[in-house]
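Summary of structural features
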Number of protein chains: 2
Amino acid sequence: MKVPHLVTALKGPLLDLERRVLAAQPAIEHWLRAKWQEHSVPFYCSVDLRNAGFKLAPVDTNLFPGGFNNLSPEFTPLAVQAAMAAVDKVCPDARGILLIPENHTRNVFYLQNVAALVGILRQAGMTVRTGSLLPEIDKPTEIALPNGAGLVLEPLRRKGNRIQLEGFDPCVVLLNNDLSAGVPPILQDVEQAIMPPLHAGWHVRRKSNHFAAYDRVAREFAELLGIDPWLFNPYFESCGKIDFRGRQGEECLAGYVDEILRDVRAKYAEYHIEEQPFVIVKADAGTYGMGVMSVKDASEVKELNRKQRNKMAVVKEGLEVREVLVQEGVHTFETVNDAVAEPVVYMIDRFVVGGFYRVHTERGKDENLNAPGMQFVPLAFESPCLPDLAGAPDCPPNRFYAYGVVARLALVAAAIELEETEAATGESSMPVQAAGRS
Amino acid sequence: MKVPHLVTALKGPLLDLERRVLAAQPAIEHWLRAKWQEHSVPFYCSVDLRNAGFKLAPVDTNLFPGGFNNLSPEFTPLAVQAAMAAVDKVCPDARGILLIPENHTRNVFYLQNVAALVGILRQAGMTVRTGSLLPEIDKPTEIALPNGAGLVLEPLRRKGNRIQLEGFDPCVVLLNNDLSAGVPPILQDVEQAIMPPLHAGWHVRRKSNHFAAYDRVAREFAELLGIDPWLFNPYFESCGKIDFRGRQGEECLAGYVDEILRDVRAKYAEYHIEEQPFVIVKADAGTYGMGVMSVKDASEVKELNRKQRNKMAVVKEGLEVREVLVQEGVHTFETVNDAVAEPVVYMIDRFVVGGFYRVHTERGKDENLNAPGMQFVPLAFESPCLPDLAGAPDCPPNRFYAYGVVARLALVAAAIELEETEAATGESSMPVQAAGRS
């Protein structure tokens, strides 16, 4: 199962796109190096991609990636090396890292991700301990994991402006908690460096800000390659003041759905694509694939039944959805063992360190795969960063190089987005007071 | 053959040493990070280690490593990532790298190394072309290699203070030529950055300077770990004004051989080691395992016959040996398929990126293995940087972590050595005029 059997219906523009990406590799890497001179790279990031054959685009960018346990273990050295580079830069004198995970104690899959992260950072030579925000973790608590790994969650404590564990005063805090519910008081006004910064949390972050930054990055990149930016950039719009349960803001949604479908239809005509356009409607803040729907006509967002409205109305931590992203749907034409699949690419610092296919046997090529029942198939990861100029564009190493490039475009967009959020919310070290419930 | 079958006679201090190295991993990595704040890391480096069971030490440090073709191809991504980090630092705007190899056109094994290096740098997104110092390369010359790779050697040319190829003005020059014969005029007063610097060449470099720096690094490291530095540091002395053919300087040699054997005997007694001490006598400048002999008694260096004297008198490029390093011999107790083996660790920037065992079926555990008939077995390289704290010290990942640490100590020593040579020879950009023959 290590080398997934890729079935991709590749024809037309994407082959051309991939050929151009491969041919422009030195220019692309040079351009990316210049970007990292201008912008600070986030500590880590994962990007969900969709490969439609005629189009290859990011659809979601996660600044608190879970799923490190799904990467192929034989490529852990890549992640370790990248983590060394990241630590060198962020805090060369750091030895102690405090990792703060999500508030899960029973989701062992997520906790395996935390254990994998701890492993990577330890192998990079750091002293790593895991501090939980959960009040019930009032003493060091060992959790046994199905893959044999163990994880100790410890209670966080505050000493003046420093955050600590018992007998552990870390120099840097690594968040693997997306702060959906806001910045808890214990994390406010902390003097240690926090990575990613607090304003990367979903209490501040908006997908629409990310994709606005991505739009600019994609345009510049498209110019470098001399191609249409649409080939790796999904159209999007955002609506505020939505109230699904109260049926407020449906006109905004319906209007944008219509507008995007019209624009996509024009592009499909231009490229002779016969697929049916669709649009993804999802919460502008939030993750875990909650609050996502796929629509093919504006009327669908006006005819939501109570169950659908309830499903869209609430995301993680029970937060009400008020702002919504309307995004061009990108078909996925990749399958793994006949199931629809989309690649997820993981980065630490500016390096691609692995990836996997998110696979769903119950979903279609125009549906969200980040849903219960999904499975993970590690990418054959010797390939992603190793394009073979002699091979055909659709041979896996070349496909994966293109994935790595598009994922890194999203990473550049995330860096710009964070700069802009920082400017908008004040000092990066000043946590934003959020209206969260916890 | 990928995972070599290690047979090591491990007992006593090394197990203890490895246990301490593993336990001190965060302290070691932190200490190494601090070193790279103080010193510029060479672009690349390979280190020959000897593992005597009771002692693990570097015996040779190469600043122009050949043998990249002997690394396990599945770990090329590590080398690519490290090369990206190195390029970022040395020359963030660089896109064009000019690689200058040794003057070999028929040594296809060496040329496979050059092709492997070109591959790594291309995969890191650089435009790489190979310029030859050989006068007979007067036009681009394609060389087919046994492993299927191809390599094009092109004639170098000078335009003012820039070194170029036809239609190629690189921003950085990467030397894979050790300048044994001095700095050729075409490389003098070049305005582009040259990596490693010209004074890293064997026309300037002396092993005794390297091991003097290593001695200080090893002492500091030993203090960090609270152990005897001798456990990873071979004794050495150097003699100048040697003339093997004219039988000059033999007293100096014999005296130091005697002194070192006496010191080693005392250490062997201290650690209850029953092996017979030996000493390696080798040219203080130069490589390729030429001009090396293994002696067990001072009388042996006084009783050299004409053939032995001739063999010691001349190294690569026909250069006369005038300065000699007398170094404590370190037994190798490792074998691969019953043949004596020593590990060689490769680094790019500050990262361990691979390694192999140099194996020789015709040599003993107290002999130089860098000799005709040697073979190469790639290290199972997921392991080297991934110590498993739960495993025994002698399980391969832990053995390899210790190898990576000792190799990186030699890398720190190389960095210090280069600083000191730079200070001694003037500006790094001022090539040293050498008395070479070409």
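The paragraphs below set out a description of the structure included in this document. Bear in mind the structure is a predicted one, so any value in this text is a computation, not a measurement.

Definitions and limits used
- Residues numbered from 1 in each chain as written.
- Chains lettered and ligands numbered in written order.
- Predicted model: local features only at pLDDT ≥ 70, side-chain atom pairs only at ≥ 80, totals over all residues.
- Heavy atoms only, no water.
- Least-squares fit on C-alpha atoms with pLDDT ≥ 70 in both.
- Contact = heavy atoms within 4.5 Å.
- Pairing = 2+ DSSP bridges.
- Helix = DSSP H or I, 4+ residues; strand = E, 2+ residues; numbered from the N terminus.
- Axes fitted to C-alpha atoms, helices over the stretch in contact; angles between N-to-C directions.
- Buried area = accessible area lost by both parts, 1.4 Å probe.
- Salt bridge = Lys/Arg side-chain N within 4 Å of Asp/Glu carboxyl O.
- Polar contact = N/O pair within 3.5 Å; in protein donor to acceptor, adjacent residues only side chain to side chain.
- Nonpolar A, V, L, I, M, F, W, Y, C, P; charged D, E, K, R; others polar.
- Buried < 20%, exposed > 50% of the residue type's maximum accessible area, 1.4 Å probe, protein only.

**Re the relation of the copies chain B and chain A**
- The two copies are related by a screw motion: chain B maps onto chain A through a turn of 180° and a shift of 0.0 Å along the axis, at an RMSD of 0.0 Å. Look at the turn and shift together and you get a two-fold axis relating the two. Of the C-alpha atoms belonging to chain B, the one lying closest to the rotation axis is found on L78 of chain B, 2.9 Å away.
- By residue overlap, the copies meet face to face through one surface: 100% of the interface positions of chain B are interface positions in chain A.

**Concerning the sheet that holds strand β15 (residues 324-328) of chain A**
All names here are of chain A.
- Sheet architecture is open: four strands sit in the order β12-β15-β13-β14, paired in antiparallel fashion. At either margin of the open sheet sits one strand with a lone partner, and together these are β12 (236-239) and β14 (292-295). When strand polarity is set aside, the average angle formed by the axes of neighbouring strands in this sheet is 20°.
- Two elements, strand β13 (residues 279-283) and β14, share four bridges in a ladder whose sense is antiparallel. When the bridges of β14 are listed, I280 appears paired with S294.

**A look at the interface of chain B and chain A**
- Chain B puts 38 residues into the contact, and the matching count from chain A is 38 residues.
- When chain B packs against chain A, the two sides together hide about 3,300 Å² of surface, and 54% of this comes from carbon and sulfur.
- If you look at where chain B meets chain A, you find two salt bridges.
- The closest approach of N and O atoms between R350 of chain A and D88 of chain B, which form a salt bridge, is 2.3 Å.
- Run the count over chain B and chain A and you get 11 residue pairs in polar contact (both at pLDDT 80 or more).
- For the side of chain B that touches chain A, the elements supplying multiple residues, two or more each, are α2 (25-38), α3 (76-90), α4 (108-123) and β17 (351-360) of chain B.
- Taken together, the residues that form the side of chain B that touches chain A break down as 20 nonpolar, eight polar and 10 charged.

**Description of the side chain of R206 of chain B**
Residue and element names in this part refer to chain B.
- Turning to its location among the elements, R206 is positioned in the loop between β10 (193-195) and α5 (207-225).
- R206 sits in the buried class, given a relative accessible area of 19%.
- Reaching out from R206, the side chain makes a polar contact with the backbone oxygen of W202 at a distance of 3.4 Å.
- Residue contacts for R206: discarding those within four places in its chain leaves D284, A285, E323 and E417.

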